[in-house]
Every structure is written in C-alpha cells, then in structure tokens.
Number of protein chains: 2
Amino acid sequence: MSILIKNVLLKDKIVSILIEGNSIKKIATNVGSSADKIIDGSDKAVFPSFFNAHTHAGMTLFRGFGDDLPLMEWLETKIWPYEKYINENDVYWGTRLACLEMIKSGTTFFNDMYWMFPAAAQAVEDSGIRAAIAAVFIDSFEQEKANEQRKQNQRLYAEMSKYSDRIMFCLGPHAPYTVSLHSLEWIRDFSIENEVIIHMHLSETENEVKEFVEKYGKRPFEFLDDLGFLSSKVIAVHTIWLSDKEMNIIAERGVNVVHNPTSNMKLGIGGDIFHYRELKERGVNVCLGTDGAGSNNNLDMLESMKFAALLQKFHYSDTTVLPVREAFDMGTVNCANAFGINAGIIEEGKLADLVLVDISKPKMTPRHDILSNLVYSSNGECVDTVICDGKVLMENRVVEGEEEIVSKANEVAFEFMERKDMLDG
Amino acid sequence: MSILIKNVLLKDKIVSILIEGNSIKKIATNVGSSADKIIDGSDKAVFPSFFNAHTHAGMTLFRGFGDDLPLMEWLETKIWPYEKYINENDVYWGTRLACLEMIKSGTTFFNDMYWMFPAAAQAVEDSGIRAAIAAVFIDSFEQEKANEQRKQNQRLYAEMSKYSDRIMFCLGPHAPYTVSLHSLEWIRDFSIENEVIIHMHLSETENEVKEFVEKYGKRPFEFLDDLGFLSSKVIAVHTIWLSDKEMNIIAERGVNVVHNPTSNMKLGIGGDIFHYRELKERGVNVCLGTDGAGSNNNLDMLESMKFAALLQKFHYSDTTVLPVREAFDMGTVNCANAFGINAGIIEEGKLADLVLVDISKPKMTPRHDILSNLVYSSNGECVDTVICDGKVLMENRVVEGEEEIVSKANEVAFEFMERKDMLDG
C-alpha cells in the first residue's frame, strides 16, 4: 500500500510525500504520481502527529462527572465508587471514545494507565493508532495483592504477541505511596530483564512527597535511585515537587518526565509548578500529557501545548520561556524518543505518523507563522487528515465508525453508573 | 422573518424555539410548525451566544507575528512600527477576519478598542454581529493631540446614526498612563452627558501602577474615583494589581471588570493574578475577554472560559473556585448586562442571540454535564449554528463569504508589512 500526498506545505516549502508500507519513503518537490492512494495537500500543512505521554483513556467515560469538587471529594464520591462497577465492555468503549477523540485532534500515540488491559488493547487495535499500555499496579502494601499484580503483569506480557506492533506493554506502578518496596524491586527487575518501560506517577502533590519523606526518610527520586530503579526506561509523570538534588538525579539517569499542565491547573495542584526551565537546563527529556478526561477534560494535545507554554510564561513572568517550538516538541518528538518510536518528525525513513492541517481556517490566518497558528491559535479541530503506521485513519475529518463509538460510549457511561446506583445505593 | 428551531436541548429539556424579528418569541415543547425558516435542532443544544468583553479586532492581522519575545521588544519591534503603516482597508479586513473567527466560535458581540473606527464599524456591519467600538484615545499628555482626539470622538459619535443598532459607540481612553487628567475629565463629562460607556485598560502590570502612584500619589482607582470618573458605565480591563481599597471602590461604583486570562498568561503578567474570589465576594460584575489575537492568539471565548476557570483553581489551590457556570456567565450574561444588551440568556423576550452546539461530537461525549463538556472539553469548533439579532450567521459551520475574508486578510497582512519594510527599512 502506498500513499502520495501532493503539494503540501512542509515548514516553508511545498513538497510531495510518498508513503510506502508504514514509513515515509520520499519527500521532494516531485516524487512522481503513482501510488495506491493520492491525497491533495493544497491548503494543508503537514506536521508529525501528536504523542500524548500520559492519560487514562478508559476514564473518558467520566468526562464532566463531578467537576469543580474538592479533589478528595471528587475521588471519593465520583471516581472510586463508580470505577468498581466498570467492566471490560465499558473500558473497551471508553477507550474507543478516547482513541476517536485523539484521532480527531491529531494524536496517534498515547501512554495509558488504566484497568482491564485487554479491553484497552483491543480498543487501540481496532482504532488503528499506537499506544503504550500499562495495567495499574497497586498492591496497597499487601502481599496477596502484590502476588496477584505480578502474576497479572507476567500473563499480560506473555500475551503481547497477539497484538500488532502498534501496541507496547508497559509496567504501571501507580505511585510510590500505593506500591510496596518489594513490588518496586520486582518491577525494576522485570523492566531490566525484559527491556520494558515503567510508567509511574511521581511527586504530583506536596502532601504525597511530605508523607513519603516521613515514611522512608528520603525524597521519592532519592529513594528510587538508591533502589536502582531509575533509567531512561522510566516515564515519570507530573514531577512537580522536586528538589534540586532530585532534578540532578533525573537528568543523570536519563529519566523521561511528563508535564500535564491542564490537569495540574484544573485539580488546583498549585503552590508549586512544573519546573520546566530548571529541567531543560539539565537536559531532561520533557514530554507532554493530557492526563485523563476526568481532570482535563479533553485529550486535545494542541490545547495542552498552549496550556504548557502559557503556564510557564505566567509562572516565571517571562514570555520567552517554553517557546512554541519547544511546546510542540514536548507533544511530538520528545515523547516518540522516550518510547523508542521512530517518529515525531517528518523525514524520509521515519514512520508515516503524520497529520495534515487545514491552513485555510480563520484561526490559521494570516500565515505569519504556521507553527504558532497551530499551537497558540488553533486546537485539534484544525486537523483534516490523520495517517498512522502508513494508514489513513481520518480524511476530511471523517473517521470510520464515529457515530457508533459516540453512541456506545454514551450508553455504557450511563449503564455502569446506573449499575452502581442500583447495587451500591 | 421568523425562525423555528425544532427539538433542541435547552438545559435538560427538549424544546422548540420560535424567533420573530430579532427576539425570542416563544419557548415550549410545541410552538407550532410555521415559520419562514425551520432549523432541525436534534443532536444540538442551545446556549446564549458568547460576549467578548475586550479585544482589538483589527490586530488579528498580527496573529503569530513575534510570539515568545520579551513584552517590550514585541511592542517596540513587531507591533508599534508596523501599526503605523496600517490603513483603513487593512483594519476593515482584519476586523472582518476577527468577526468571522468569532462567528465560527459562537461569539456575537465584542467590545473593541482599535484604530480607524469607521473601518471597524463597517466590518461589523457587514458581518452581522454586534460590537461596542471605541477609538483608541491616547493624548500622550500633549494638548494638541488631546484636542484632535476629542474632536474625533465628537465626530464619530455624531455619525453613529448611519450604523445599525448592532453597533454601539464607546469612549476608549487607552490607560491612565497615556491619557492626561484633562482628557479624562472631558471623557467623564462626555460619558455622563451622552450616557456613553467608557472602555479603558486599568492596572494590567505592576510597573504601571507603581509609576502611577509615583506621579499622582494615589493608586489608579482611588484617583479615578476622586475624579468622579467611576460608574457602571465604566468597563475596566485587566484590573489585576488592585488594593483592597480599590476593590471596594470598584464594587461601590458598580464598575464592570474584564478578565483576560489567556493574554495575561501569554504576556507573562505573572507575579499577581486577577482576584476573582475577592471581587466576587464584593458583588462585582466580572466579564471575560480574549484580548487581541496578538497576545492570545485567538478569539475563542470557550477556550478563554477554560483558561479563566483553571487559572483561578491553580492560583488559589482550590478546585471549587470559578466553577463552570460562573465561567460561562462571565462570557455571556455578565457582559450583556454590562453593555445593557437584552441577551445572554435563552428566555422569551430576549434578543435572539444564540448558538446551537453539536452534542454528537466525541468531546461532548458522554453527556453527564453538557455545560461542562462545552466549557472544559470543547472549544469554538463545536458550534454548529449562530443566530444574532434574529438572523442566521452560520449554519452547519458555513459562513457566507468565508473564503474571500481569509484570502483578503492574508493579502493585506503581508501588504502592510511589506509597505513598512520598504518605507521604513
């Protein structure tokens, strides 16, 4: 299968792009005119598709359920009691909805942590995008739960051959305050032995860090470093409350960090902020995530790029911090690099994971700086065409099966809430 | 001319809405079926259209021109030198572009301050939306300039009868640091005599307040209150750096304030923040603005509502501050009230200024809370149909003349930049 994108704007040049199989074969002003499929690129600009470095896709079913509540009240009355009643079918359709929203806003990869791995993996398989999926690993410091979780991860890992290359297995220890020391050691060993990525929430709130220090006598990254846990295979999510020493450790070990500005702001994490400037100075690879739709409330990476850039400018009272190019890289190539995916830039030999953006829209006018228009002015809805792994997933904003996904997601979201209310009161 | 919107979701009920002339005549489950135009409201929800309480519409031509520069460098190298070369034709097409973007994102009113009033007014006239327009009043403390500006405002005000009721004349003193005491007195008198609204930037940066206090021995709102300048006819824009005493004055005089969260963040105003909670406690009418596209970089009110809500939650470390309903009111009814426009709510007898939102979109799914989905998850692109003053300005996302406006705006944006570069080097 080959695709020819004709006369599309790439940076400041009109080019044509030939895709063969799942990768970009040739980029030139003239690459011939024979291909299985021809796409007219006029009035379009081509960009790498977006890489969402942290979300909980299945939680999209909770979008708009309990906004503006105090954090603990939201978790205790709206999330945890209802999550108990979620089944595989719910997670499947919740993840399909998430994938649909991502495709419609130009995202072709997400790093996921949620329940019911097989349902999420099947949804990604059926949607045509890429994902790194981790089953939430929480043992609550109980030996029996720990054994269960380890067995589950071994089983899931052994079953990975049944999925396509678009799906990557990750380990998902929830956070240092929900996972025991012994399980962390097990996860470390499993990661080293199988070269598997670890996806973990770290240092999101001041309180969790304070309690951790009280319990272990060290800050989380010092503790994990002493454990030999930290490497470039670690994707550390949030990383707001960091000491200078911890930032040095993160840099030395090559840990990848994920900033989720929209979620941080909506959850009122406040007080401190993601230290972009200090991490960048140390050469840390910074990626961008939306977090789950429960706390964002969307999965639109262009919107999150804008939130990231503006929050840093506001925090440092400095317009020059986190310029548009860096915000864009956080949501594309930095994340692709963290996961070892050969994408995130439009170049010959790279995977054909890309978007065509409609530059005739009012928000893309005038054309002084197309990347600025994309990140600061537009949002996911400017994406016209999405290609992932050499396959067209959206063209002219049409995604196959959209109506069914929206309808099923609405249905299951209300069904499991009713199940809970019936059974649990 | 009558319009019947059939079977549309209003809050939690399916209703039909009959529009006659420029207002909402009847809302009921059955309002008959005869009208000049029938709109199918299924899979749509109806909301009041959005009211943008502060922008510089013509500046949309500067979108993406000099992002991420230090504030003064941006103004001194990218805005001021080029603005000198803008002509009436440029402002006309820049404002048409702004109006087009606003219609496409559900906004039907904006409060404008820019150069070349007649060009802006004509653009609003031709676009079909509403605006309060003020000519920027800057006298730089020079008598000759002051006389010129006063004459210009008198002339513009006298000419208002040539425009439709959708266009309102306002006085636009730029800021207390660019307008002399005598001109402020003249503006105060003109406002009282003609019952005209005053649109003014106030207390945006720490430095301007500091310099003002050095010069006048009082803070800006104390000074203006002693002058008898403050009333409910004043629209005070930014109002970040306020003392408790100033907040009390604002409340007592019924001054309307306008928060521009996206612009504040992008310009790194930082250090302090718009004091939503303290102003709300005092009963102040708080409106929402996008500011100009040069510092936002769009005019999308739904995006600005999200920025407003999230910035306050982040600032106070409290998720309950500025809940979704209040953010929505800031961008609708609060602004309509400030300008004495009988709109901002969907009710019989109100002006027919409303939007139909497509609730079948992934970002609007599931439907736990449609207002939350609108503000926190969606953006202007979820708006399907826009009605202003009883006329359909957009249907199925199609606006008449869109292609020409985008093309002309691109053309003039580059032309005046070339003029400047040729003549000025």
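Below is a short write-up of the structure.

What counts as what
- Residues numbered from 1 in each chain as written.
- Chains lettered and ligands numbered in written order.
- Predicted model: local features only at pLDDT ≥ 70, side-chain atom pairs only at ≥ 80, totals over all residues.
- Heavy atoms only, no water.
- 1 Å grid on protein atoms, 1.4 Å probe; cavity = no way out; pocket = protein on both sides within 12 Å on 5 of 7 lines; lining within 4 Å.
- Points joined across faces, edges and corners; volume = space filled by probe spheres on them.
- Helix = DSSP H or I, 4+ residues; strand = E, 2+ residues; numbered from the N terminus.
- Nonpolar A, V, L, I, M, F, W, Y, C, P; charged D, E, K, R; others polar.
- Core = buried A, V, L, I, M, F, W, Y, C linked by side-chain atoms within 4.5 Å.
- Buried < 20%, exposed > 50% of the residue type's maximum accessible area, 1.4 Å probe, protein only.
- Contact = heavy atoms within 4.5 Å.
- Axes fitted to C-alpha atoms, helices over the stretch in contact; angles between N-to-C directions.
- Parallel < 35°, antiparallel > 145°, perpendicular 65-115°, else oblique.
- Left-handed = near helix turned anticlockwise from the far one by under 90°.
- Pairing = 2+ DSSP bridges.
- Right-handed = clockwise from strand over helix to strand, strands pointing away.
- Least-squares fit on C-alpha atoms with pLDDT ≥ 70 in both.
- Salt bridge = Lys/Arg side-chain N within 4 Å of Asp/Glu carboxyl O.

Some thoughts on the layout of surface pockets
Residues and elements named next belong to chain A. Considering only enclosed or pocket space, the largest pocket measures out at about 1,200 Å³ in volume. Taken together, 41 residues line the largest pocket, and the ones lying closest to its centre are Leu-75, Trp-80, His-174, Tyr-177 and Glu-204. Of all the secondary-structure elements, those providing two or more residues to the lining of the largest pocket are helix 1 (71-83), strand 7 (107-114) and helix 6 (206-216). Within the lining of the largest pocket, the residues separate by chemical class into 19 nonpolar, 13 polar and nine charged.

Side note on the nonpolar core
Phe-62 and Phe-229 of chain A together with Phe-62 and Phe-229 of chain B are the most contacted members of the largest nonpolar core, which totals 240 residues. Sequence-distant contacts of Phe-62 of chain B, defined by excluding residues within four places in its chain, comprise His-368 of chain A together with Lys-78, Ile-79, Tyr-82, Glu-83, Ile-86, Tyr-114, Gly-294, Phe-416 and Met-417 of chain B.

Here we look at the packing of helix 2 (residues 88-104) of chain B against helix 15 (residues 402-424) of chain B
Residues and elements named next belong to chain B. One way to put it is that helix 2 packs onto helix 15 with a least axis distance of 9 Å and a crossing angle of 140°. Our classification of the angle between helix 2 and helix 15 gives oblique. Handedness of the crossing formed by helix 2 with helix 15: left-handed. On helix 15, the residues that touch Asn-89, Asp-90, Trp-93, Arg-96, Leu-97, Leu-100 and Lys-104 of helix 2 are Glu-402, Glu-404, Ile-405, Val-406, Lys-408, Ala-409, Val-412, Phe-416 and Arg-419.

Considerations on the pairing of strand 11 (residues 234-238) of chain B
Residues and elements named next belong to chain B. With respect to burial, strand 11 is a largely interior element, five of its five residues being buried. Sheet topology note: the strand 10 (residues 197-202)/strand 11 ladder contains five bridges and is parallel. Bridging across to strand 11, His-199 finds its partner in Ile-235. For strand 11 and strand 12 (residues 256-259), the ladder comprises three bridges, and the chain directions are parallel. The partner of Ala-236 across the bridge, within strand 12, is Val-257. In this fold, strand 11 hands off to helix 8 (residues 244-253), which returns the chain to strand 12; that crossover is right-handed.

Looking at the sheet that holds strand 10 (residues 197-202) of chain A
Residue and element names in this part refer to chain A. Here we have eight strands laid out as an open sheet, ordered 6-7-8-9-10-11-12-13, and parallel in their pairing. Edge positions in the sheet fall to strand 6 (50-55) and strand 13 (286-288), since each has one partner strand and no second. Between one strand axis and the next, the sheet turns through 25° on average, direction left out of account. Pairing of strand 9 (residues 167-173) with strand 10, which is carried by two bridges, proceeds in the parallel orientation. Note that in strand 10 the partner of Cys-170 across the bridge is Ile-197.

Overview of the side chain of Thr-319 of chain B
Within the secondary structure layout, Thr-319 of chain B lies in the loop between helix 11 (301-316) and helix 12 (324-330). The class for Thr-319 of chain B is buried, based on a relative accessible area of 7%. If we skip the residues at most four places from it in the chain, Thr-319 of chain B touches Asp-68, Leu-69, Pro-70, Leu-71, Lys-266, Leu-267 and Gly-268 of chain A together with Lys-313 of chain B.

A look at the relation of the copies chain B and chain A
Each copy of the sequence occupies a distinct position, and chain B is placed on chain A by a rotation of 180° and an axial shift of 0.0 Å, giving an RMSD of 0.0 Å. These values place the two chain copies in the arrangement generated by a two-fold rotation axis. The rotation axis passes nearest to the C-alpha of Glu-381 of chain B in chain B, at a distance of 3.4 Å. Most of the interface of chain B is mirrored in chain A, where 100% of its interface residues are also at the interface.

Brief notes about the pattern of salt bridges
One pass over the structure, following the stated rule, counts 48 salt bridges over all chains. Note that Arg-325 of chain A and Asp-329 of chain A form a salt bridge whose closest N and O atoms lie 3.2 Å from each other. Here the residue Arg-325 of chain A and the residue Asp-329 of chain A both occupy positions in helix 12 (residues 324-330), the gap between them amounting to four residues, near one helical turn. Residue class for Arg-325 of chain A comes out partly exposed when judged on its relative accessible area of 42%. One salt bridge connects Lys-363 of chain B with Glu-381 of chain A, and the closest N-O pair in it is separated by 3.1 Å. Of the two residues, Lys-363 of chain B sits in the loop between strand 14 (354-358) and helix 14 (370-377) while Glu-381 of chain A sits in the loop between helix 14 (370-377) and strand 15 (383-388), which places them in two different chains. Residue classification places Lys-363 of chain B among the buried positions, given a relative accessible area of 5%. Taking relative accessible area as the criterion, Glu-381 of chain A reaches 8% and is therefore assigned buried. Residues participating in the shared-partner salt-bridge network are Arg-130, Asp-353 and Asp-389 of chain A.

Fair warning: the whole summary comes from geometry, so function is off the table for now.
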